[in-house]
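Commentary on secondary and tertiary structure
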Amino acid sequence: SLHDALPILITLGNGRKALEALSQAKENYSRVGDRAHVAYVSLNIATALNGQASQSFRKGMIEQALGEFRSVGCKDGEAGALNNLAGLLEGMGRLDEALKTYQQALKVHAQIGDRDRVANAQNNIGTVLEAQGDLAGALKKYEASFAIWRTLKSSGGAAIAEENIAEVLYMMGRPTAAGQR
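It should be emphasised that the depicted structure is a prediction, and the values quoted were computed from it without experimental measurement.

1. Examining helix H4 (residues 55–72)
In this model H4 runs 26 Å from its N-terminal to its C-terminal C-alpha over 18 residues, within 8% of the 26 Å that 1.5 Å per residue would give. Three or more residues of H4 are buried, namely Arg-58, Lys-59, Met-61, Ile-62, Ala-65, Leu-66 and Phe-69. In an axial view of H4, the angular spread of the buried residues amounts to 160 degrees, which keeps them on one side of the axis. For H4, exposure combined with an orientation more than 90 degrees from the buried face picks out Ser-56 and Gln-64. On the buried face of H4, the contacting elements are helix H3 (35–48) and helix H5 (75–91). Downstream of H4 by one or two residues, Gly-73 has phi in the positive range, about 75 degrees.

Below is the structure:
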């Protein structure tokens, strides 16, 4: 699918081709009145424009998609848009807004029962707390994400959380505790 091919096209330097395909897909979904897919394509366009368009333009596209997801009751899309928006806000250095938005994403992921994304949101919240200097708060979030990913047998997710835990413990002056996992 185009959604799966998008990262490959962008990685291969075919961002223009990806944008053309996404624009066509958006037009097709609009023509048949599929508002949820129009919103998903808008998120993909915002991703494809990373580094090619201003952050404020991309933020506007994500917020537009978020509103559309909410208006059609697409919780999965809403949660994804919130997560993308939070990541963009974090990259813009707007940490308080990013934290609130990640927390909203966490709530929606929990509502729909997506435990993997709950763990991801917990981890993302931890990164913001760490950047804000709240190491104890970050550690709690990383440990929560680690526990979920471990129960899901997600070795990749668990490894990310474990690395974050070790980093925070080191920053807290407790480097030996990291090796006790």
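2. Notes on the packing of aromatic side chains
Within a pair of aromatic rings, the relevant descriptors are the distance that separates the centres and the angle that separates the planes. If you walk through the whole model with that rule in mind, you get one aromatic pair. Between the aromatic rings of Tyr-40 and Phe-69, the centroid separation amounts to 4.7 Å while the plane-to-plane angle is 65 degrees, which identifies the pairing as edge-to-face. Of this pair, Tyr-40 sits in helix H3 while Phe-69 sits in helix H4, and the two are 29 residues apart along the sequence.

3. A short note on the environment of Glu-162
Tracing the sequence through the fold places Glu-162 in helix H9 (residues 155–171). Residue Glu-162 is classed as partly exposed on the basis of its relative accessible area of 31%. Sequence separation of Glu-162 and Phe-146 is 16 residues, and the distance between their C-alpha atoms is 6.5 Å.

4. Digging into the nonpolar core
Ranked by size, the top nonpolar core spans 47 residues in total, and within it Leu-43, Ile-45, Ile-62, Phe-69, Ile-125, Ile-165 and Val-168 carry the most contacts. Where this core is concerned, the elements lending two or more residues are helix H2 (15–32), H3, H4, H5, helix H6 (95–112), helix H7 (115–131), helix H8 (135–151) and H9.

Criteria and cut-off values
Residues numbered from 1 in each chain as written. Predicted model: local features only at pLDDT ≥ 70, side-chain atom pairs only at ≥ 80, totals over all residues. Heavy atoms only, no water. Helix = DSSP H or I, 4+ residues; strand = E, 2+ residues; numbered from the N terminus. Expected span 1.5 Å × (residues − 1). Buried < 20%, exposed > 50% of the residue type's maximum accessible area, 1.4 Å probe, protein only. Arc of directions from axis to C-beta. Contact = heavy atoms within 4.5 Å. Phe/Tyr/Trp six-rings, centres within 6.5 Å; stacked < 30°, edge-to-face > 60°. Core = buried A, V, L, I, M, F, W, Y, C linked by side-chain atoms within 4.5 Å.

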